[in-house]
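Coordinate analysis (summary)
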Amino acid sequence: MIILERADEPGGPERGIVDDSVEVTRDRAWETLTRHTQSEALRRHALAVEASVGWYARHLGEDEELWRATALLHDFDYEIHPTLDQHPQDGAPMLRDEGWPEELVEAVLSHAEHLAMPRDTPLKKTLFACDELSGFVHACGLVRPTGLEGLEPKSVKKKLKQPSFAAGVHRDEVYAGAELLGLELDDHIRNVVEAMQPIAGELGLRTAADAA
Ligand SMILES: [Fe+2]
Ligand SMILES: [Fe+2]
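Residues numbered from 1 in each chain as written. Chains lettered and ligands numbered in written order. Predicted model: local features only at pLDDT ≥ 70, side-chain atom pairs only at ≥ 80, totals over all residues. Heavy atoms only, no water.

**Brief notes about the environment of Ser52**
Position of Ser52 among the secondary structure elements: in helix α2 (residues 40-60). A relative accessible area of 1% places Ser52 in the buried class. For the pair Ser52 and Lys158, spaced 106 residues apart in sequence, the C-alpha to C-alpha distance is 21 Å. Discounting chain neighbours no more than four positions away, the residues touching Ser52 are Cys130, Ser134, Val192, Ala195 and Met196. (Helix = DSSP H or I, 4+ residues; strand = E, 2+ residues; numbered from the N terminus. Buried < 20%, exposed > 50% of the residue type's maximum accessible area, 1.4 Å probe, protein only. Contact = heavy atoms within 4.5 Å.)

Encoded structure:
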């Protein structure tokens, strides 16, 4: 945000606010993501988290474009910064340079446990709560002949207790996320499954129609 003196306005100098942030849309975020991320797995992870965070935005009456854009961009620099001494902190200045607003950049930074930033807004809480669980639900869907259809919280929770299944997913962050949202884990799982179902095809998941 920059403040300009407008001397050329009729009626003399006037203070005008010119916002140099880009317009926040999920399509622009997708463009930024795919410019920096070639990996299909990373793009699918972004889409899965976007679906979940977008679901919550809609149900909470929040700014869905902002929330979706933030979710799409939360790991945008992972391909170029694959280690925690760089991701996501070295990506943040790149987002600022591209004109993404501070609210989005701060939320992106807050998803990283190692930065220990406060998750003090609904967007930050939701992004954190959806990141690991969307990945885990995605993994559950990949091993089922009908993908996400009929996937119950009970079976997701059973798999959470098997350390070898989707071993990269931090279980403690899944549990902490539901708590941060003030939801029972069952409800959070049900919401995330419902959120991801419409984009099952884009996520490389089978559907009941494929299984038939
Ligand atoms: Fe990340
Ligand atoms: Fe992520």
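Now that the structure has been shown, we can carry on.
**Describing the coordination of the iron ion (ligand 1)**
The coordination sphere of the iron ion (ligand 1) contains the protein donors Asp75 (OD), His87 (NE2) and His111 (NE2), at a distance range of 2.1 to 2.3 Å. Donor residues for the iron ion (ligand 1) sit on one chain with the sequence pattern D-x11-H-x23-H. A gap of 4.1 Å separates the iron ion (ligand 1) and the iron ion (ligand 2), which Asp75 links by coordinating each metal. Here the residue His87 occupies a position in the loop between α3 (64-73) and α4 (92-97), and His111 occupies one in the loop between α5 (102-110) and α6 (122-142), the gap between them amounting to 24 residues. Like His87, the residue His111 is buried in the burial classification. (Donors = N, O, S within 2.8 Å, 3.2 Å for Na, K, Ca; no water.)

**Concerning the coordination of the iron ion (ligand 2)**
Surrounding the iron ion (ligand 2) are the protein donor atoms His45 (NE2), His74 (NE2), Asp75 (OD) and Asp131 (OD), at 2.2 Å. Of note is the iron ion (ligand 2), whose four donor atoms meet at the metal with angles of 84 to 175 degrees in an arrangement that counts as irregular. Owing to a relative accessible area of 18%, His45 belongs among the buried residues under this scheme. Overall, the relative accessible area of 8% leaves Asp131 in the buried class. (Tetrahedral: all angles 85-135°; square planar, octahedral: opposite > 155°, others 65-115°.)

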